[in-house]
Amino acid sequence: MGYLKYLLFRIANAILVLLIVTFIISALFVKVAEESNRSKMYEELMQWERTEGAKIKQSQGLEAFEQAKAAKQKALEEKYELNIPYWQKVYRKAIRTLKLDFGTTSMPIFGTNDVAEIIKVAVPRSILLFTTATVIVIILGIYLGVRAARHAGSLFDRSLSIFALLTYSLPMWWTGMMFLLIFAYKLGWFPLSSMFDPQLTGWEHVKDVIKKLALPVFTYVFVVFGGWAWTTRNIMIGTLQEDFIMAARAKGVPERKIIYGHALRAAAPPIVTMIIFALLGSLGGAIISELVFNYPGMGRLYWVALQQNETNLLIGLTYFFTVLYLAGVVLADMVYGFLDPRVKVGASAKM
Amino acid sequence: MRWVDIKEGFKEFLAEFKREKTGIAGVLLLVLLVLVALTAPYTTMPDLPEKWRSSAYWEDNPKNVPPNWYNMFTSHKLVPQRVYYVDDLKINHPSDTETIIEADYDFPKGYYKGPQGIIIRGLNVTLNAPSQAPTMDIYLLRPDGKRIPLLKNKPLTSSTTISIGRDSTVSTNVYIWLVNVTEGREITPFEVPLQTILISDMVAPMFAKVEPGMDVEKIIENPEPLWGTYKLVLDVKNPAPKYNQVDYSNMKVTFLGRVYGTMGTDYLGRDLWAGIIWGSRVSLTIGILVSVLSTIIGLVYGVTSAYLGGNTDELLMRINEIFASIPSLPILILIGATVGKVTLWFIVALLVIFGWMGIARIARSMALQIKEQTYIEAAKALGASNGRIIFKHILPQLLPYAFAVIALSVPGAVIAEASLSFLGIGDPSAVTWGQILNAAQAQSATTKGYWWWVLPPGLGIAVVGLTFVLIGTALDKILNPRLRRL
């Protein structure tokens, strides 16, 4: 029962954090939006003065014009929510965001104005690119890491370590630019832009998508898998020195079983945490890398929203990123409890 | 902890560090980087950041050309930059009213393309009788004996800069000459196709084989080099030498190279090598400052939280979680894009605010173990204050780990700064690697194949990152003996 209580506590905690973060985000974005909305309102008011206002001035005189202008300004202020005090607006925005009512954008993106719909279009694309790549990275990284740990100090281990250190300091987007330069420009193996061709359907569409995904996926795997392998290696080396491994070896358990059955099982909690965060994080895309590859996923969407001043979309996306992270925290807690009984007992004993 | 203990510990640590080859390599790299950054004003130019944004300063440089050493790796050799000052030019005065200036230009055999353009500047004109202002004719004498009239009766003032290759009048004249030679007919400037003049390279045909019967479009598209000695002639006519004087002493004629400097140039003709050298300053400063500051804040925060415990601990950890759950890069971009003036200090502050959380959590879990040890209890019994116990008894224990954390978090900070300035969010008065890459992306350098523009800044980021990763992992290995190679 202790585990369930512990879990409920963690979930309640995550929800509390989410509430506060939503308010902070709303406060920040509403502040930004207020300024752009004010300038938009004055622009519209000027527009009105030049067209309808001028007509009223001609036909009904100056007084009627002033009245009509005041009425118009009030209407516009209401439209852009400039008549409401700042904190009240923040409160409203936060509540609406928590209810997943993100509102609409002023310009259509991906053919729709509804923020939720736009995100629904972009998420699968980020999944297609980053989640695929992350899965490859996880499999490759763990496999190579375990191998390096088994033969610690060997040539393979050393070269893997050096490769990991090298790629750890590379910005992914710069590596993307270089790969574009080499593989797309110089060798011509891949297209220069990863924007999908909307006219293709069926099998042709699938072929187009695969062709355009290949280079970004390759870049991601290239930059990230070294770090994964290296971390796995370090965790495994630590575990392989534990007494129970020596005991298993003394018992004559086959090496394969020791590695995958005993050591990897014991090393699992931190690795599983990494997997959870990597997989959930991949749904959010990557802002700069998507810009470099011109890939229409979540990251590029955020940049587009920022450029076009779409506050509603920005809040929606930021909220989405936050929820992903907190979901990762809760999931990691949950899995930790399953995999490492000490956590369960310790946590419930504390409560 | 007594001073002697620290000294002993440090000596022991130094002896161990000396055995780590990667760590030594990292330290050597760091020394090299610091030297490069410190000597930047002397090895390049002292006021590069101010000049970086003025496109006028870089006008005498060719645009988008690879570095000089590119010629070693290609069969298509490209001519380097050639500059003529007054002593390198032949100046004759056939009469009082006429001056002829000649520049001999050698287009060596085997080279693929002639200069990217020619820039003439630095004529000082004292004008007292404007109605009789001096004028200049420019033409190019080619090794095959042909003569290209480039400009006729160009009025001269002190600010006159003639840039052959960028000036459309000159390009028009070249086109007229091309038609004249190949087809034997004279056309007016109105018959010249404007698009060809503006888009194509009209300097290469000046240094290419042009014979009667050839096709003009083909020459422009695919000029075949004509090697030999060219002569650029400036014929200055000064009808009133008593009133108007022309001074040639500051004159400068530049034959723009197709290659330039150690690292080539970008779209404004800026010397990328100087930019890369100066960029190392910002990168190192921000990387080290951010990681040191966020590590100190994180350590103090985590230790305090663990030591105080109870509800304070819960509250502090909630605040930590809140900061950790805010998606940092999107929010950083938002803040950077909406705040009007961004300074380097502002960037440092932002990166620290969103960078201390992970270290705080590690420090907390370490301090929780240390807290239970008996010597802390003893200190408490002796009546030591909370501050004394935290700063004097717990923090020094974590210090070695702090150094490893500092070193290992530098690459992240460097990449974060580069990412922000890649998106155009950065101090406009500084030269950074991110900005250079930002310009490269905006000018689509990758899709045009300008590798000398994209490669070096990222390599710089990678080298700075690698330096600290090498140092950091060496420290980590010494402090975490389990990671040592078996």
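Residues numbered from 1 in each chain as written. Chains lettered and ligands numbered in written order. Predicted model: local features only at pLDDT ≥ 70, side-chain atom pairs only at ≥ 80, totals over all residues.

(A) How the structure looks around the overall build of chain B. Counting its secondary structure elements, chain B contains 17 helices and 13 strands. Relative to its length of 486 residues, chain B is extended, with a C-alpha radius of gyration of 32 Å against a globular reference of 23 Å. For chain B, the spread of C-alpha atoms along the three principal axes comes to 105 × 55 × 40 Å. Going through the 486 residues of chain B one by one, you find that 38% of them count as buried. Pairs at least 24 apart in sequence give 77% of the contacts found in chain B among residues at least 6 apart. (Helix = DSSP H or I, 4+ residues; strand = E, 2+ residues; numbered from the N terminus. Rg over C-alpha atoms; globule rule 2.2 N^0.38 Å. Buried ≥ 20, exposed ≤ 12 C-beta atoms within 10 Å, placed from the backbone. Contact = placed C-beta atoms within 7 Å.)

(B) Quick peek at the overall build of chain A. Each helix and strand in chain A was counted, giving 13 helices and two strands. Expected size for 351 residues packed as a compact globule is a radius of gyration near 20 Å; at 27 Å, chain A overshoots this value by more than 25%. Dimensions of chain A, computed from C-alpha atoms along their principal axes, come out at roughly 105 × 60 × 35 Å. Going through the 351 residues of chain A one by one, you find that 36% of them count as buried. Partitioning the contacts of chain A with sequence separation of at least 6, the portion at a separation of at least 24 is 75%.

(C) Up close: the interface of chain B and chain A. With 38 residues of chain B at the interface, the matching set in chain A holds 38 residues. Within the residue set of the side of chain B that touches chain A, elements represented by two or more residues are α9 (310–325), α10 (328–338), α14 (386–422), α15 (433–442), α16 (445–448) and α17 (451–479) of chain B. In terms of residue count, the dominant contributor to the side of chain B that touches chain A is α17 of chain B (eleven residues). Residues of the side of chain B that touches chain A, tallied by class, amount to 24 nonpolar, ten polar and four charged. (Nonpolar A, V, L, I, M, F, W, Y, C, P; charged D, E, K, R; others polar.)

(D) Up close: helix α6 (residues 172–186) of chain A. Between its terminal C-alpha atoms α6 of chain A stretches 20 Å, which fits the 21 Å expected from 15 residues at 1.5 Å a residue. Of all the bends in α6 of chain A, the greatest, near 30 degrees, is centred on Leu180 of chain A. Looking at the packing, one finds that the buried side of α6 of chain A touches α7 (202–240) and α10 (287–293) of chain A together with α14, α15, α16 and α17 of chain B. In the stretch just after α6 of chain A, Gly188 of chain A is the one whose phi turns positive, near 70 degrees. (Expected span 1.5 Å × (residues − 1). Bend = angle between axes of the 7 residues up to and from the residue.)

(E) Region of the structure containing the sheet that holds strand β2 (residues 82–85) of chain B. All names here are of chain B. If you trace the four strands from one edge of the open sheet to the other, you get β2-β13-β6-β10, paired in antiparallel fashion. Looking at strand neighbours, the two that pair on one side only are β2 and β10 (162–164), the edges of this open sheet. Shown here is a sheet whose adjacent strand axes are inclined to one another by a mean of 10 degrees, direction ignored. Sheet topology note: the strand β6 (residues 117–121)/strand β13 (residues 252–256) ladder contains five bridges and is antiparallel. The partner of Ile119 across the bridge, within β13, is Thr254. (Pairing = 2+ DSSP bridges. Axes fitted to C-alpha atoms, helices over the stretch in contact; angles between N-to-C directions.)

(F) Up close: the pairing of β6 of chain B. All names here are of chain B. A large share of β6 lies buried, amounting to four of its five residues. The pairing of β6 with β10 spans three bridges and is antiparallel. Bridge pairing in β10 places Ile118 opposite Ile164.

(G) Structural detail: the pairing of strand β9 (residues 147–155) of chain B. Residue and element names in this part refer to chain B. In terms of strand pairing, strand β8 (residues 135–141) meets β9 through six bridges, oriented antiparallel. If you follow Thr135 over to β9, its bridge partner there is Pro155. Hairpin remark: β8 followed by β9, antiparallel, with five residues in the connecting loop; positive phi at Gly145, about 90 degrees.

(H) Highlighting the environment of Pro67 of chain B. All names here are of chain B. As for its position among the elements, Pro67 is in the loop between α4 (48–52) and β1 (77–78). On the neighbour-count criterion, Pro67 (17 C-beta atoms within 10 Å) is partly exposed. C-alpha of Pro67 to C-alpha of Gly310: the two residues are 243 residues apart in sequence and 63 Å apart in space. Those residues in contact with Pro67 that sit more than four places away from it in its chain are Val259, Gly261, Thr262, Met263, Gly264 and Trp452.

(I) How the structure looks around the sheet that holds strand β3 (residues 90–95) of chain B. All names here are of chain B. Taken in spatial order, the five strands make up an open sheet running β3-β4-β11-β8-β9, and their pairing is antiparallel. Whereas interior strands pair on both sides, the edge strands pair on one side only; in this sheet they are β3 and β9. Strand-to-strand twist in this sheet, taken as the mean axis angle between neighbours without regard to direction, amounts to 20 degrees.

(J) A look at unusual backbone geometry. Residues and elements named next belong to chain B. Backbone geometry at Asn153 places phi at a positive 50 degrees, although glycine is not the residue there. Looking at where Asn153 falls in the secondary structure, it is placed in strand β9. On the basis of neighbour count, Asn153 is assigned to the exposed category, with 8 C-beta atoms found within 10 Å. A positive phi angle is found at Ser444, which is not glycine, with a value near 40 degrees. In this fold, Ser444 is placed in the loop between α15 and α16.

(K) Seen up close, the packing of helix α2 (residues 21–38) of chain B against helix α8 (residues 272–308) of chain B. Residue and element names in this part refer to chain B. Their axes nearest at 8 Å, the elements α2 and α8 cross at an angle of 115 degrees. Where α2 crosses over α8, the handedness of that crossing is left-handed. Counted together, Leu33, Val34, Val36 and Ala37 of α2 and Ile277, Ser280, Arg281 and Leu284 of α8 form the full contact between these two elements. In the contact of α2 with α8, the residues fall into six nonpolar, one polar and one charged. (Left-handed = near helix turned anticlockwise from the far one by under 90°.)

(L) Local environment of the environment of Gly279 of chain B. Residue and element names in this part refer to chain B. Structurally, Gly279 can be placed in helix α8. Among the residues examined, Gly279 registers 29 C-beta atoms within 10 Å and is labelled buried. Through-space distance from the C-alpha of Gly279 to that of Leu398 is 33 Å; in sequence the pair is 119 residues apart. Here Gly279 is in contact with Val431, Thr432, Trp433, Ile436, Pro457 and Gly460, once residues within four sequence places are set aside.

(M) Spatial organisation of the confidence of the model for chain B. Residues and elements named next belong to chain B. The pLDDT averaged across chain B works out to 85; a share of 98% of its residues lies at or above 70. For chain B, per-element mean pLDDT is lowest for helix α6 (residues 194–199), which scores 79, and highest for α8, which scores 91. Under the prediction, the complex receives an ipTM of 0.83, its pTM being 0.84. (pLDDT = per-residue confidence, 0-100.)

(N) Expanded view of α15 of chain B. Of all the ten residues making up α15 of chain B, eight are buried; the element is thus mostly covered by neighbouring parts of the structure. Considered for burial, the residues of α15 of chain B that qualify are Trp433, Gly434, Gln435, Ile436, Leu437, Asn438, Ala440 and Gln441 of chain B. Here the buried face of α15 of chain B lies against α6 and α10 of chain A together with α8, α14, α16 and α17 of chain B. Immediately downstream of α15 of chain B, the backbone of Ser444 of chain B shows phi near 40 degrees, a positive value.

(O) View of the environment of Glu204 of chain A. Relative to the helices and strands, Glu204 of chain A resides in helix α7. A sequence separation of 42 residues divides Glu204 of chain A from Ile162 of chain A, and the C-alpha atoms of the two residues are 41 Å apart.

(P) Inspection of the packing of α9 of chain B against helix α12 (residues 357–371) of chain B at higher detail. Residues and elements named next belong to chain B. Between α9 and α12, the shortest axis-to-axis distance is 9 Å and the interhelical angle comes to 145 degrees. Remark: the crossing between α9 and α12 carries left-handed chirality. The segment α9 lies against α12, with Asn320, Phe323 and Ala324 engaging Met357, Ala360 and Arg361. Here the contact of α9 with α12 is composed, by residue class, of four nonpolar, one polar and one charged.

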